[in-house]
Amino acid sequence: MNVTTLPASRQRKAQQGAPRSGGRTTGRVAEQDQQQRRDYLIDGATALAPQHETTKAGAAPERHASDTKQASPRLRVAPPAPVSAPRAPFVALVLVLVLSGVVGILVLNTRIAENAFKLDALKTRQDNLDRDEERLRSDLANKESPVTLASRAKQLGLVPSRTPAFLVLPDGTKLEMPGPSK
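Residues numbered from 1 in each chain as written. Predicted model: local features only at pLDDT ≥ 70, side-chain atom pairs only at ≥ 80, totals over all residues. Heavy atoms only, no water.

### What about helix α5 (residues 146–156)?
Every α-helical turn comprises 3.6 residues, leaving residues that sit three or four positions apart pointing alike. Taken across its eleven residues, α5 has zero buried, putting it largely on the surface. Positive backbone phi, at 95 degrees, marks G157, one or two positions downstream of α5. (Buried < 20%, exposed > 50% of the residue type's maximum accessible area, 1.4 Å probe, protein only. Helix = DSSP H or I, 4+ residues; strand = E, 2+ residues; numbered from the N terminus.)

Here it is, written out as structure tokens:
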């Protein structure tokens, strides 16, 4: 197994500020952040407008050593454009949806109420028809009873047959027929 070790001075530096993952230390990040603020004039994530030095009339502006390298202002991150969505179309869309929903529910409830009245009328009519059918069945059963038939026959002048008549057919079968009454 191959193991390499750092010299003692490097080990101490590594143990003092750097985390074991090998990432940046907080001290170095703070120094870089301050340097960036000085160079690019930022406040958080927002770039600031460059500050122009004002001079007295006739006097030359003071120049730093870094200004001689670069005559134009430094490049910097522009602030994000404000996002403003138009609100009127959205509000109109929501109002149209709400109003159409209310009108739809109103129409639906009206149709349901109309159908309920129609259903009630049809049930009433069905009950009346059922009663009429039952009455007619009862009348028919009463008129078909033997007692009612005999009394009706007497009213019409019919009399009961006493002896039946028999007919003999050529093939030899006998048919029973009622005979004339006396």
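### Looking at the pairing of strand β4 (residues 174–178)
Of all five residues making up β4, only zero are buried, and the element is barely covered by its neighbours. In this antiparallel pair of consecutive strands, strand β3 (residues 164–168) and β4, the connection spans five residues, and G172 shows a positive phi of 100 degrees. (Pairing = 2+ DSSP bridges.)

### Here's the deal with a nonpolar patch on the surface
Taken together, F90, V91, V94, L95, V98 and V102 make up a surface patch of nonpolar side chains, about 540 Å² in accessible area. Judged by relative accessible area, which is 45%, V91 ranks as partly exposed. (Patch = residues over 30% accessible without salt bridge, like charges linked within 9 Å, V, L, I, M, F, W, Y side chains within 5 Å. Areas by Shrake-Rupley, 256 points an atom, 1.4 Å probe, with all protein chains shown as cover. Salt bridge = Lys/Arg side-chain N within 4 Å of Asp/Glu carboxyl O.)

### Description of the pattern of salt bridges
Counting across every chain of the model gives four salt bridges. Between R111 and E114 there is a salt bridge, with the nearest N and O atoms lying 3.9 Å from each other. One end of the pair, R111, and the other, E114, are both in helix α4 (residues 87–144), three residues apart, so they sit about a helical turn from each other. When its relative accessible area of 52% is taken as the criterion, R111 is described as exposed.

### Details of the environment of K143
Tracing the backbone shows K143 in helix α4. Owing to a relative accessible area of 59%, K143 belongs among the exposed residues under this scheme. Excluding residues that lie within four positions of it along the chain, K143 makes contacts with T148 and L149. (Contact = heavy atoms within 4.5 Å.)

### Re the packing of α4 against α5
One way to put it is that α4 packs onto α5 with a least axis distance of 5 Å and a crossing angle of 65 degrees. Here N142, K143 and E144 of α4 lie close against α5, whose contacting residues are P146, T148 and L149. Considered class by class, the residues forming the contact of α4 with α5 number two nonpolar, two polar and two charged. (Axes fitted to C-alpha atoms, helices over the stretch in contact; angles between N-to-C directions. Nonpolar A, V, L, I, M, F, W, Y, C, P; charged D, E, K, R; others polar.)

### Quick word on the environment of T163
Residue position: T163 is located in the loop between α5 and β3. Taking relative accessible area as the criterion, T163 reaches 52% and is therefore assigned exposed. Between the C-alpha atom of T163 and that of M177, which follows or precedes it by 14 residues, the distance is 9.1 Å.

### Some thoughts on the environment of D171
Mapped onto the fold, D171 is located in the loop between β3 and β4. Using a relative accessible area of 60% as the deciding quantity, one classes D171 as exposed.

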